[in-house]
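Residues per chain, in single letters:
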Amino acid sequence: MKQTVKTLEKMKAEGRKISQLTCYDYTTASIMDRAGVDMILVGDSLAMTMQGYNDTLPITLDEMIIYGRSVARACKNAFVVVDLPFMSYQISKEQALESAGRIMKEATGVNAVKIEGGVNIAPQIKAITDAGIPVVAHIGMTPQSVNAFGGFKVQGKGDANAERVLKDALAVQEAGAFAVTLECIPPRLAELITKKLHIITIGIGAGSKCDGQVLVYQDMLAMGGDFCPKFVKRFANIGQDMENAFSEYKKAVSEGTFPEEKHTYTDGDCSDEFIKTHS
Ligand code: KIV
């Protein structure tokens, strides 16, 4: 069954946890969709995981649309969210609405947009939701502000900072977001926010008490090398499996053991005479 804002809200109301993963391509999204993942996020983290940048800032709206389109095509059941990239919404609410509108029109099948920021970005969230586009907000450690934070650091530590994150949570709910991502904040703060809000909370590095969880898929499949943030659980070692398969393939090709006869089209092959004439 296709997940919608309503079915996800029902999951929260019934205390059923919501699963979300990032994804950026059709093949992987098809696998996640078959596995029953509730929400898929085409995150701007693709600047790092797919394009090799050090942060999420370089990715453009045009690129987000291309990746979003590929993922949405695969999702028969999962609810698809696409990130508004850096500088596609900060300038004004008009700019934010135009960018969100482009995602919804050009990446057919996408169900919502995600936008980073709290109190400061509430007018943008209101403009987008007023146009009938569902919004997932994103507060706490918002990666597009990495330079202001001085790195990818836990936010909301201590009462004064916790108060700021709480105010952000209340502001995005008031502005009309139907869900909010809580990234890298202390677990008691995430639990408090989850209890205070009526909208869905999705945690990443925010403890177990949120309504749902999200992970970057390359992190949970151990595809990104040795670095593993504290909040990531590696559910499989696909990176190593891929490396093994690639090196076995290289060996088989160089030793001539691949392809074998069973991988070869023999039916209708040219005659001995043809070979003789053209040799
Ligand atoms: O871009 C992204 O992948 C995200 C998640 C980390 C929540 O925003």
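Provided above is the structure to which this section pertains.
This section reports on the structure supplied with the text.

Rules behind the numbers
Starting from 1, residues in each chain are numbered consecutively following that chain's sequence as written. Only residues with pLDDT of at least 70 get local features here, since the model is predicted, and only at 80 or more are side-chain atom pairs given and counted; chain-wide, interface and lining totals rely on the full set of residues. Only hydrogens and water are set aside; all other atoms, that is, all heavy atoms of the structure, feed into the side-chain values. When accessible area is computed with a 1.4 Å probe and restricted to protein chains, residues below 20% of their type maximum are described as buried, those above 50% as exposed, and intermediate ones as partly exposed. For helices the rule is a DSSP run of H or I covering at least 4 residues; for strands it is a run of E covering at least 2, with both sets numbered from the N terminus onward. DSSP bridges decide pairing: two strands pair if at least two such bridges lie between them. Assignment of crossover handedness uses the view with strands pointing away from the viewer, where a clockwise path from the first strand over the helix to the second indicates a right-handed crossover. What makes a salt bridge here is a side-chain nitrogen of Lys or Arg within 4 Å of a carboxyl oxygen of Asp or Glu, nothing more. Interaxial angles span 0 to 180 degrees and are taken between N-to-C directions of axes, which are lines fitted to C-alpha atoms, for helices over the stretch in contact. In this analysis, two residues are considered to be in contact whenever any of their non-hydrogen atoms come within 4.5 Å of each other.

### Side note on the pairing of strand 3 (residues 79–83)
Of all the 5 residues making up strand 3, 5 are buried; the element is thus mostly covered by neighbouring parts of the structure. Residues F79, V81 and D83 point to one face of strand 3 and V80 and V82 to the other, with burial holding for every one of them. Of the strand pairs in this sheet, strand 3 and strand 4 (residues 112–116) are connected by 3 bridges, and their pairing is parallel. Within strand 4, the position partnered with V82 by the bridge is V113. Each parallel crossover has a hand, and for strand 3 linked through helix 5 (residues 93–106) to strand 4 it is right-handed.

### A closer look at the pattern of salt bridges
As enumerated under the stated definition, the model contains 11 salt bridges in all. Residue D62 is joined to R102 by a salt bridge in which the shortest nitrogen-to-oxygen separation is 2.7 Å. Of this pair, D62 sits in helix 4 (residues 61–74) while R102 is found in helix 5, placing the two residues 40 residues apart along the sequence. Judged by its relative accessible area of 44%, D62 falls in the partly exposed class. The residue E106 makes a salt bridge to R102 at a minimum N-O spacing of 2.7 Å. Of this pair, E106 and R102 both sit in helix 5, 4 residues apart, which is roughly one turn of the helix. Beyond isolated ion pairs, a larger network of salt bridges with shared partners links K10, E14 and R16.

### Points about the sheet that holds strand 1 (residues 18–22)
Taken in spatial order, the 8 strands line up as 1-2-3-4-5-6-7-8 and close into a barrel, and their pairing is parallel. Recorded for the sheet is a direction-independent mean angle of 25° between the axes of neighbouring strands. The sheet contact formed by strand 5 (residues 135–140) and strand 6 (residues 179–183) spans 5 bridges and is parallel. Counted as the bridge partner of G140 is E183 from strand 6. The sheet strands contacting helix 1 (residues 5–13) are strand 1, strand 2 (39–42), strand 3 and strand 7 (200–204), and the helix crosses strand 7 at an angle near 80°.

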